[in-house]
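# Geometric and topological summary
What follows is each chain in one-letter form.
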Amino acid sequence: MRPEHKRLFIAGVVLTVLVGVSVLALSLRRPEPLYQGRPLSAWAKDLNSPDPAVRSQAGEALRDMGPEAVPILVKSLRTRNWIRELHLKIAPRFSIGLRQKLWPHFRSFYAPMERADAARGLEALGPGAEAAVPALGKALRDRDRSVASQATVALGRIGPAAVSELIGALDEADPSVRSLACSALGTIGPRAARAVPALLEVFKSTERSLPQQASFALTRIGPSAVPALVVALRHPIPRVRALAASTLGSMGLPAKEAVPALLERLKDDQASVREKVIGALGTIMPVAQGVAPALVDTLQDPEPAVRLSALQALLRTGQASDRCLPRLVALLEDEDSKVRGWSAHLLGQMGSKASSAIPALERKLEDRSEFVSEKAQQALQKIRTPAAK
C-alpha cells in the first residue's frame, strides 16, 4: 500500500471510530428539558442569533426554565474538546491536501460552539446559575477564546457569588485569564469589593494593558476601593502609585476622601506620579480647599509633562485666577511648545482679566510653533472681545 493511501486509510478508520463514539455518547446523554416544545440546547443556540427579538425570547425561555437548566448547561460547558485535540495532534502527519479533505469532517464534531452556547445560557440565568460558578471558572481558562470570553460575561452576570472564583483567576500565570477576571469583576462592580486587594496586586504586573484593566475594575467597584487606593499612593513602585492616582481620578467625586492624600503626592519624586496626581485632583474635587493653589504651584514643576497636566487641570476646573497670571505669562516662553500653547489658551479663557498678558501674547504670534501662534491669536481675540468681560 502506498504511504499516502495508508495515511488516508488510517484517517478513515480514526474518523469512523470518532463518529461511533460520538453517536454512543449522544445516545447516553441525559434528556434535555423542553420549553414550548423546544430543547434547552436550541434555546441556548438562539442566544447567539443576530436577531435581537430571537435573543430576547431565548433569554426569557431560559430564565423560565430556571435551576432545571443549570445541570444540563454545566454538562455541556464541561464537554471536553478531545476531537479537536486529536485532530491537532494527528494533522501534522498528513499532507496539506489530506488535511483539507479531513477538516470538514472533524469540524462537525468540534465542541467549542456548544460550550460557548452553554455559557450564554448560564449568562441568561444570571444569579440563578450560581451552581455553575466552578465550571465557568474552569471555562475562563479555556484555550478557546470564544468559550473563555463568554464564560467571563456569564460570571459577571452571576454577580457576588462568582467573586471568589475570579479572585483566584487573578493569580493565574496566563495574563489573558487575569484580564478576563478583571473584566468580570468590573461588571459585578460595587458588589465585588472583596476583590480590591487582589486587583491592586495586578497593578504590579508588567504585562501590557493588564494593570489598566485592573484599574477599570476598581473604578467600577467605586468608593469602597478608595481607602486601599490611598494606601497604594505610597507604594514603593512608581507605576503603582501613578495608577492608583489615575484610578482615583477616574472615579471622580466619589473619591473625594482621597484629596488630602493626593495633595501630599504632588511632591512625589517621580514626574509620572505627579502628572497623574494633578489629573486626578482636577477631576475629583477641583473646588476643594487647597486644590487650586496647589495646581498653580505645579506650573513651576521641572518636568514639561507635569506643567502641561497642571495647565489642563486648571482649564478643566475653571480655577485659573489672578494669582496664576504671572506664571502663565512666564510659561509662554517655556521650552515645550505644548506648554506654551496651552498657557496661551488658558490666558484666553481668563478673558479681560488677562489683559496684562497682551504684549507677551502678541510676541507669540511669531512663535516657531504653529500650534502656539494659533493659540496666541485665539487668546488675543477672547481677551479683546467685550463678551469676555
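Structural data are supplied above this passage.
An account of the accompanying structure is given in this report. Because the structure is predicted, anything quoted here is derived from the model rather than measured.

Looking only at helices and strands, the chain has 23 helices and 2 strands in total. Within the chain, the fraction of its 389 residues that count as buried is 47%. Residue pairs in contact within the chain that sit at least 24 positions apart in sequence constitute 67% of those at least 6 positions apart.

Let us now look at the side chain of Asp 46. Along the polypeptide, Asp 46 turns up in helix α2 (residues 40–46). Judged by relative accessible area, which is 18%, Asp 46 ranks as buried. Aside from chain neighbours lying at most four places away, what touches Asp 46 is Arg 38, Val 54, Arg 55 and Ala 58.

What follows deals with helix α3 (residues 52–65). When the terminal C-alpha atoms of α3 are compared, their 20 Å separation across 14 residues agrees well with the 20 Å that a helix rising 1.5 Å per residue should span. Residues Ala 58, Gly 59, Ala 61, Leu 62 and Met 65 constitute the buried set of α3. With its buried residues spanning 160 degrees around the axis, α3 presents them on a single face. Residues of α3 that are exposed and point over 90 degrees away from its buried face: Pro 52 and Ala 53. Two to three positions downstream of the cap, the backbone nitrogen of Ala 53 sits 2.9 Å from a side-chain oxygen, assigning the N-cap of α3 to Asp 51.

This paragraph deals with the pattern of salt bridges. Note on pairing: side chains with opposite charge can pair once their charged atoms come close. Under the counting rule described, the total for this entry stands at 19 salt bridges. In this structure, Glu 201 and Lys 204 form a salt bridge, with 3.1 Å as the shortest nitrogen-oxygen distance. For Asp 268, the salt bridge goes to Arg 241, with nearest N and O atoms at 2.8 Å. Here the residue Asp 268 occupies a position in the loop between α16 (259–264) and α17 (271–284), and Arg 241 occupies one in helix α15 (residues 238–251), the gap between them amounting to 27 residues. In this pair, the class of Asp 268 matches that of Arg 241, namely buried. Among the charged side chains, a network of salt bridges with common partners joins Arg 241, Arg 265, Asp 268 and Asp 269.

Relative to the helices and strands, Ser 373 resides in helix α23 (residues 370–384). By relative accessible area, Ser 373 is classed as buried at 14%. The contacts of Ser 373, once residues within four sequence positions are left out, are Lys 364, Leu 365 and Asp 367.

On to the packing of aromatic side chains, then. Applying the stated criterion to the full structure yields 1 aromatic pair. A cation sits over an aromatic face here: Lys 375 above Trp 342, 4.5 Å from the ring centre.

Axis separation between helix α19 (residues 304–317) and helix α21 (residues 337–349) bottoms out at 10 Å; the angle between their running directions is 20 degrees. Considered as vectors, α19 and α21 are oriented roughly parallel to each other. The handedness of the crossing between α19 and α21 comes out as left-handed. When α19 is examined against α21, the residues Pro 304, Arg 307, Leu 308, Leu 311, Gln 312, Leu 314 and Leu 315 are found in contact with a partner set consisting of Lys 338, Val 339, Trp 342, Ser 343, His 345, Leu 346 and Gln 349. Split into classes, the residues belonging to the contact of α19 with α21 amount to 8 nonpolar, 4 polar and 2 charged.

A few words now on unusual backbone geometry. Despite not being glycine, Ser 209 has its phi angle at roughly 75 degrees, a positive value. Relative to the assigned elements, Ser 209 resides in the loop between α12 (196–202) and α13 (210–221).

Here the focus is the nonpolar core. In globular proteins that are soluble, nonpolar side chains generally tend to be buried together. With 113 residues, the main nonpolar core has Leu 136, Leu 199, Leu 262 and Leu 361 as its most contacted residues. In this structure Leu 136 touches Leu 77, Ala 119, Leu 122, Ala 151, Ala 154, Leu 155 and Ile 158, once residues within four positions along its chain are discounted.

So, about helix α11 (residues 175–188). Helix length check: α11 (14 residues) gives 20 Å between terminal C-alpha atoms against 20 Å at 1.5 Å per residue, within 8%. Among the 14 residues that make up α11, 10 are buried, leaving the element largely enclosed by the rest of the structure. Of the residues making up α11, those classed as buried are Val 177, Arg 178, Ser 179, Leu 180, Ala 181, Cys 182, Ala 184, Leu 185, Gly 186 and Ile 188. Residues of α11 that are buried in the fold lie against α9 (145–158), α10 (163–169), α12 and α13.

Parameters and conventions
Residues numbered from 1 in each chain as written. Predicted model: local features only at pLDDT ≥ 70, side-chain atom pairs only at ≥ 80, totals over all residues. Heavy atoms only, no water. Helix = DSSP H or I, 4+ residues; strand = E, 2+ residues; numbered from the N terminus. Buried < 20%, exposed > 50% of the residue type's maximum accessible area, 1.4 Å probe, protein only. Contact = heavy atoms within 4.5 Å. Expected span 1.5 Å × (residues − 1). Arc of directions from axis to C-beta. Polar contact = N/O pair within 3.5 Å; in protein donor to acceptor, adjacent residues only side chain to side chain. Salt bridge = Lys/Arg side-chain N within 4 Å of Asp/Glu carboxyl O. Phe/Tyr/Trp six-rings, centres within 6.5 Å; stacked < 30°, edge-to-face > 60°. Lys NZ or Arg CZ within 6 Å of the ring centre and 35° of its normal. Axes fitted to C-alpha atoms, helices over the stretch in contact; angles between N-to-C directions. Parallel < 35°, antiparallel > 145°, perpendicular 65-115°, else oblique. Left-handed = near helix turned anticlockwise from the far one by under 90°. Nonpolar A, V, L, I, M, F, W, Y, C, P; charged D, E, K, R; others polar. Core = buried A, V, L, I, M, F, W, Y, C linked by side-chain atoms within 4.5 Å.

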